[in-house]
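Read off the chains here:
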Amino acid sequence: MRLLVTGGSGYAGGRLVELARAAGHDVTGTSHSASVEGLVPLDVRDRAAVDRLIDGLRPDVVVHTAYVQGDWHVTASGTAHVAAAAARVGARLVHVSSDAVYGGRPQPYTEADPPSPVFPYGAAKAAAETVVATVHPGAAVVRTSLIVGDDASKQHQMTLDFALGRRAGVLFTDQIRQPVSVADLAAALLELAAGDFRGVLHVAGPTAVSRHELGVLIAARRGIPADRVPAGLAAELPAAGPREVRLDLTLAQTVLRTRLRPLDEVLAAG
Ligand SMILES: NC(=O)c1ccc[n+]([C@@H]2O[C@H](COP(=O)([O-])OP(=O)(O)OC[C@H]3O[C@@H](n4cnc5c(N)ncnc54)[C@H](OP(=O)(O)O)[C@@H]3O)[C@@H](O)[C@H]2O)c1
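Quick notes on the rules
Residues numbered from 1 in each chain as written. Predicted model: local features only at pLDDT ≥ 70, side-chain atom pairs only at ≥ 80, totals over all residues. Heavy atoms only, no water. Pairing = 2+ DSSP bridges. Helix = DSSP H or I, 4+ residues; strand = E, 2+ residues; numbered from the N terminus. Axes fitted to C-alpha atoms, helices over the stretch in contact; angles between N-to-C directions. Contact = heavy atoms within 4.5 Å. Buried < 20%, exposed > 50% of the residue type's maximum accessible area, 1.4 Å probe, protein only. Right-handed = clockwise from strand over helix to strand, strands pointing away. Salt bridge = Lys/Arg side-chain N within 4 Å of Asp/Glu carboxyl O.

Asker: Would you mind showing me how to read the sheet that holds strand β2 (residues 26-31) here?
Answerer: By way of backbone hydrogen bonds, the strands of a sheet pair with one another, either parallel or antiparallel. Taken together, the seven strands give an open sheet; going across it, the order is β3-β2-β1-β4-β5-β6-β11, and neighbouring strands pair in parallel fashion. Among the strands making up the open sheet, the edge pair consists of β3 (39-41) and β11 (199-202). The mean inter-strand angle of the sheet, taken between neighbouring strand axes irrespective of direction, is 25 degrees. Where strand β4 (residues 61-64) and strand β5 (residues 92-98) come together, four bridges link them in parallel fashion. If you follow Val-62 over to β5, its bridge partner there is Leu-93. Along the sheet face, helix α1 (residues 11-22) touches β1 (2-6), β2 and β4 and points at about 160 degrees away from the line of β2. Lying over the sheet, helix α3 (residues 72-89) contacts β1, β4 and β5, oriented at roughly 170 degrees with respect to β4.

So, in structure tokens, the structure goes:
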């Protein structure tokens, strides 16, 4: 399979590039600010550059992971450029979305629940999903959650920064998510790239924890006691994003061979 991975210098994208190359696929990964050997430069905000790359490569599949949390142009407009170009050349598209598209509630969301974003990042990811559904209706849209596994994860870095006093901040006790292993996510993305699933799929871990509980588990791997992990309430910060977002994984368990491992297993292996 000829595969293009946007965001190949990122955490999930990088892991996918490695996995797909190891499986013998012809993989082109892209980077943006970082100059990384083995990757090609791409700014997804530049529609002409996206068209040139995709026209030149003629990939069978594009897996789109590139984003910047605070940048609508990268996250929403960039996705529009990638989806339109993939559709034009007849490439399959796997688009990586987020649980951030939801507004938060105690009961789990299923794929049938429409986005209900409550903060700018969630709105940008919801807009990206809308454009994908419109211009590339055959695409697979993967809504995932906090990506964890090792110290290259933003979630691990943030915890260690706060716990070791390198940066001020707190981990919320009232924001619930279902962290996913970067390895499991990459395996699921590769499986979906090679398959024909269309529509939205929730790909997250089965363990629902607060961001603070996650931080305590990450810190414990380094022997850092729980009381060094600063706790706070998202409820006190209006821009902090949705509170409880649980993803129903029933469909993923039917569609995927990849096992989405519980958090204790993931952190023990990392
Ligand atoms: N991280 C999480 O916990 C989490 C949770 C839920 C959903 N997700 C979703 O999962 C996906 C991957 O997340 P991640 O944390 O693995 O990503 P990441 O490590 O932050 O990497 C982001 C990637 O996007 C690239 N990028 C940034 N600006 C770009 C631009 N203008 N043009 C092209 N590429 C650009 C970066 O390239 P350079 O580094 O070279 O600039 C990098 O390769 C995203 O779609 C995100 O919405 C992530």
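From this point, the discussion proceeds with the structure in view.
Asker: Which parts of the structure should I look at to understand the pairing of β5?
Answerer: Along a regular strand, successive side chains alternate from one face of the sheet to the other. Extensive coverage of β5 is indicated by the burial of seven of its seven residues. Of the two faces of β5, the one holding Arg-92, Val-94, Val-96 and Ser-98 and the one holding Leu-93, His-95 and Ser-97 are both buried throughout. As for the winding sense of the linkage, the β-α-β connection from β4 through α3 to β5 is right-handed. Two elements, β5 and strand β6 (residues 140-144), share five bridges in a ladder whose sense is parallel.

Asker: Hey, could you run me through the pattern of salt bridges in this one?
Answerer: In a structure, side chains of opposite charge can pair up when their charged atoms sit close to one another. Under the defined criterion, the tally for this structure stands at 17 salt bridges. For Arg-222, the salt bridge identified is with Asp-151, shortest N-O distance 2.3 Å. One end of the pair, Arg-222, is in the loop between α7 (211-221) and β13 (231-232); the other, Asp-151, is in the loop between β7 (147-148) and α5 (154-163), with 71 residues separating them in the sequence. For Asp-151, a relative accessible area of 31% corresponds to the partly exposed category. In this structure, Asp-161 engages Arg-167 in a salt bridge whose closest nitrogen and oxygen atoms are separated by 3.2 Å. Within this structure, Asp-43, Arg-45 and Asp-71 form a network of salt bridges that share partners.

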